[in-house]
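Chain residues, written in single-letter form:
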Amino acid sequence: MIAWLPRTQTMGPAQCLLKPDETRPDFKCVSYMSMESSSALSKKEEEEEKKTKCFFSFPKGKRMVDQGSKTNMMPVRLALSFPFCTCEKSPNEQSPRRQPKMKFMKLGTRPDTFFTTESIRSVSSEVFTDLQIQVQDSFYRLHKFPLLSKCLLLQRHCSELKDAAEHAIIQLPDLPGGAEAFETCAKFCYGITITLSALNIVPVWCAAEYLQMNEDAERGNLARKLDSFFESCILRRWKDTLVTLQSTRKYPPLCEELGITARCVDAVATAIVANHPNSKAAPRNWWAESISELGSDHYWRIMVTIKSAGVVSDELIVDALQIYAWRWLPDTSRDGYESNLATEDSSSESRRQRLLMDKIVSLLPTEKGSASCSFLLKLLKVANLLNASSSLRMELRRRIGRQLEEASVDDLLIPPASTSNDALYDVDTVMAVLEEFLLQGQSPPTSPPRERLRCCSTSRVAKLIDGYLQKIAGDKNLPMEKLIAIAEAVPDSARPDHDDLYRAVDIYLRAHPELDKNARKQLCRILDCRKLSMEACAHAARNEVLPLRVVVQVLFFEQARAALAGGRVIELPGKVKALLATGAAAPPEDGWSISRLKCPSTKLVTLKMRLEEEEEDDDMDDDLVPRDALTRSASSRLRALCFLPRTPKRIIGKLLAMNRSLSYRH
């Protein structure tokens, strides 16, 4: 807004008479200050002057000469709006890098004469008060004339109390904004100066609407002025719009009725879409941090509008969702959150967070890979802790299963949803995600490249699951059946070797020394000794926690591998030779391991007795390694070499015979 002042008035407050009929193209509204002195005006003009006179301050500027007169004039930029105009500058003159912090508007010219006496608010005047109003816990003694002329609600209340007692009190318990907003509206009626900005426009506007301070009561009433200031100033500024939108959370129905919320949402979304970076050099997600302070309802509406525009990329949308999720969702790594979950489950905060989870998941782009697998798994962890709906968790598991190969082992370490569960990790959820991945892999490939890509993904997932098994194997409360179920769910063709799986079995056996020989044998069924590397075989041959039969099988396949390669046959461990030559029998409680082999002082009996005991058990159990899997070669020599006898006794016998024969050749 521009006002023209005499040259002598360079700084400080000044009185000006503004006329609304003058305009300039470079400002929304420009008013002209009359050069006539106030004393030269007629009484009628003085009355009009009182309605439009205001006090303001202005900065120094370049002095200009009015072409219509010889008087030197200077332009003044006003930072306020008047009853008939606004103070917003045109977009061409605004600089987005250097904008004032917040726009404001001042209405009225009189000084503040409200005072408090004995907990009653009143206004200084020579006229006695004739109106008593109670707003919540605050009492006011005011005058009917200035208030009734602008408030239709008070007019109706006074007409209803006309025949009542003289000191009847008008009750306004439901007035939006409370006593503070009512007092601002009352000061406007008295002509007292009030300052309005994005910080208080919403409660004052709602109070004015509640009091019916509209055009039906008086032209140019408070509601109309607030609407003009909101449209011309607040909606044109990013910070002011966000502050106003946050204020609407206290009065959602009335703000929706007035259109405040919808216009703020549209303004924010339009600003994001209009300033969307078209190049990589442009700032990314400059808006994500700002809107992360909004409530879930407003945030959801803004993001839906942005997505519907189809301009902002899915990557930027997911980045914004991540910022918002970590801002409001609980931290799954925080100590003690699980213990507080039970007490908060029925609270409004827990319900709010579950609703927030639903909205965030609904905003995720549907394309595969648009959201990282790590982000999806973190959302799944929070969903489990919040006891979210089964449909939401199923949707997250489905999305994760489509790109499970991108996950890391740490991402799969999901805490249990129930505090009654003693296990450290939620294995069932990981099993469900793995099943989703395997189900999607069953669809027929459309081309050979897709088939190769699927094979690579399956191999990466197998490596991931084996690493995950090593992490959870140390949990003392992990049931063996769950470990076996996850290990067997991975296709055997996806594991080129079983080294990682062997490490998981070794960790589990050491963490659960209470397992009996049958349980140990059942666990070791998931191992294929033919797929162990030389290093793994060397470790397994001397592993004291493995069942003896597994050790013998490892030795057999290592000897067979060396024979096929034409290399030097590895010597049998000396303890095994000693056991075969002299015999040894460990105590019954340790009869399934070779831990006693390292103790030379142990009294040994014949190995034949131990092997006969193993044969009795083998009559009831299947082979650890299928016999037909060892005879698939077309070469009769290879079949004869790799044929694995059914019992450990025959395995060792054949192994020693083969060892002597090959050693004699070399």
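Per an unreviewed UniProt entry, the chain carries the name NPH3 family and comes from Musa troglodytarum. Looking at the chain in UniProt, the text filed under Pathway (unreviewed entry) is "Protein modification; protein ubiquitination." Note on the chain: under the UniProt heading Sequence similarities (unreviewed entry), the record states "Belongs to the NPH3 family."

Re the overall build of the chain
A count of helices and strands for the chain gives 27 helices and 14 strands. The buried share of the chain, taken over its 666 residues, is 46%. Contacts spanning at least 24 positions in sequence make up 71% of the contacts within the chain whose residues lie at least 6 apart. As displayed, the chain offers around 34,500 Å² of accessible surface, 52% of which is attributable to carbon and sulfur atoms.

Some points on the packing of helix α6 (residues 222-232) against helix α9 (residues 260-274)
Interhelical geometry of α6 versus α9 gives an angle of 10 degrees and a closest axis separation of 12 Å. Put simply, α6 runs roughly parallel to α9. Considering only the axes of α6 and α9, their crossing is right-handed. In this structure, α6 uses D227, F230 and E231 to contact α9, whose residues at the interface are I260, R263 and C264. Within the contact of α6 with α9, the residues separate by chemical class into 3 nonpolar, no polar and 3 charged.

Re unusual backbone geometry
The backbone phi angle of E118 is positive, close to 50 degrees, even though this residue is not glycine. You can see E118 is positioned in the loop between β9 (114-117) and β10 (120-123). Of the residues examined, E118 reaches a relative accessible area of 74% and is grouped as exposed. Here the phi dihedral of Q136 falls at roughly 55 degrees; this positive angle occurs in a residue that is not glycine. Given a relative accessible area of 41%, Q136 falls into the partly exposed group.

What to know about the nonpolar core
Soluble globular proteins tend to bury their nonpolar side chains together. Ranked by internal contacts, the top residues of the largest apolar core, which has 150 residues, are I133, L172, F182, M303, M357 and L404. Excluding residues that lie within four positions of it along the chain, L404 makes contacts with C373, L412, V433, L434, F437, V461 and L464.

Some details on the packing of aromatic side chains
Scanning the model with the defined rule gives 8 aromatic pairs in all. Geometrically, the ring pair formed by Y299 and Y324 is stacked, given 3.8 Å between the ring centres and 10 degrees between the ring planes. Linking Y299 in helix α11 (residues 296-309) with Y324 in helix α12 (residues 314-328), this pair joins segments that are 25 residues apart in sequence. Exposure remark for Y299: the relative accessible area of 2% places this residue in the buried category.

Some details on the sheet that holds strand β11 (residues 131-135)
Taking strand neighbours across the sheet as the criterion, the 5 strands line up as β9-β10-β12-β11-β13 in an open arrangement whose pairing is mixed. Unpaired on one side and paired on the other, β9 and β13 (169-171) mark the two borders of the sheet. Across the sheet, the mean angle separating the axes of adjacent strands is 30 degrees when strand polarity is ignored. With 5 bridges joining them, β11 and strand β12 (residues 138-142) adopt antiparallel strand pairing.

Things to note about the confidence of the model for the chain
Any region with low pLDDT has predicted coordinates that should not be read closely. Confidence in the prediction of the chain, expressed as mean pLDDT, is 74, and 64% of residues score 70 or more. Of all the helices and strands in the chain, strand β4 (residues 32-33) carries the lowest mean pLDDT, 31, while helix α5 (residues 201-210) carries the highest, 97. Here residues 335-345 is modelled with pLDDT under 50, and outside its nearest four sequence neighbours on either side it reaches 18 contacts, counting other chains as well. Below pLDDT 50 for its whole length, residues 579-613 participates in 58 contacts with residues either more than four positions away or in separate chains.

Notes on the pairing of β11
For β11, a buried count of 5 out of 5 residues is recorded, marking the element as mostly surrounded by other parts of the structure. Side chains L131, I133 and V135 project from β11 onto one buried face, and the interleaved Q132 and Q134 project onto a second face that is buried too. Note that β11 and β13 share 3 bridges and pair parallel. The residue bridging Q132 from the neighbouring strand is I169, located in β13.

Observations concerning the side chain of T261
Note on placement: T261 falls in helix α9. The exposure class assigned to T261 is buried, which follows from its relative accessible area of 1%. Ignoring any residue separated from it by four or fewer positions in sequence, one finds T261 in contact with L245, T248, C255, E256, H298 and R301.

Examining helix α22 (residues 534-541)
A536, C537, A540 and A541 are the residues of α22 that are buried. All buried residues of α22 fall inside an arc of 130 degrees around its axis, so they share one side. Across α22 from its buried face, at more than 90 degrees, point the exposed residues M534 and E535.

Topic: the pairing of strand β8 (residues 104-107)
The two faces of β8 differ: M105 and L107 on one face are buried, but F104 and K106 on the other face are not. Pairing between β8 and strand β14 (residues 194-197): 4 bridges, direction antiparallel. Note that in β14 the partner of L107 across the bridge is I194.

Quick notes on the environment of V268
Secondary-structure assignment places V268 in helix α9. The spacing of V268 and L235 is 33 residues in sequence and 8.4 Å in space, taken between C-alpha atoms. Leave out the neighbours within four places in its chain, and V268 touches W238, T241, L242, I291 and I302.

Considering the packing of helix α7 (residues 238-247) against α9
Their axes nearest at 9 Å, the elements α7 and α9 cross at an angle of 145 degrees. Of the two elements, α7 crosses α9, and the hand of that crossing is left-handed. The residues of α9 that touch α7, namely those facing W238, T241, L242, T244 and L245, are I260, T261, C264, V265, A267, V268, A271 and I272. Classifying every residue of the contact of α7 with α9 gives 10 nonpolar, 3 polar and no charged.

So, α9
In this model α9 runs 21 Å from its N-terminal to its C-terminal C-alpha over 15 residues, within 8% of the 21 Å that 1.5 Å per residue would give. All buried positions along α9 are accounted for by I260, T261, C264, V265, A267, V268, A269 and I272. Where α9 is buried, its residues touch α5, α6, α7, α8 (252-258), α10 (288-291) and α11.

Definitions and cut-offs
- Residues numbered from 1 in each chain as written.
- Predicted model: local features only at pLDDT ≥ 70, side-chain atom pairs only at ≥ 80, totals over all residues.
- Heavy atoms only, no water.
- UniProt positions renumbered as here; feature names shortened; annotations may be inferred.
- Helix = DSSP H or I, 4+ residues; strand = E, 2+ residues; numbered from the N terminus.
- Buried < 20%, exposed > 50% of the residue type's maximum accessible area, 1.4 Å probe, protein only.
- Contact = heavy atoms within 4.5 Å.
- Areas by Shrake-Rupley, 256 points an atom, 1.4 Å probe, with all protein chains shown as cover.
- Axes fitted to C-alpha atoms, helices over the stretch in contact; angles between N-to-C directions.
- Parallel < 35°, antiparallel > 145°, perpendicular 65-115°, else oblique.
- Left-handed = near helix turned anticlockwise from the far one by under 90°.
- Nonpolar A, V, L, I, M, F, W, Y, C, P; charged D, E, K, R; others polar.
- Core = buried A, V, L, I, M, F, W, Y, C linked by side-chain atoms within 4.5 Å.
- Phe/Tyr/Trp six-rings, centres within 6.5 Å; stacked < 30°, edge-to-face > 60°.
- Pairing = 2+ DSSP bridges.
- pLDDT = per-residue confidence, 0-100.
- Arc of directions from axis to C-beta.
- Expected span 1.5 Å × (residues − 1).

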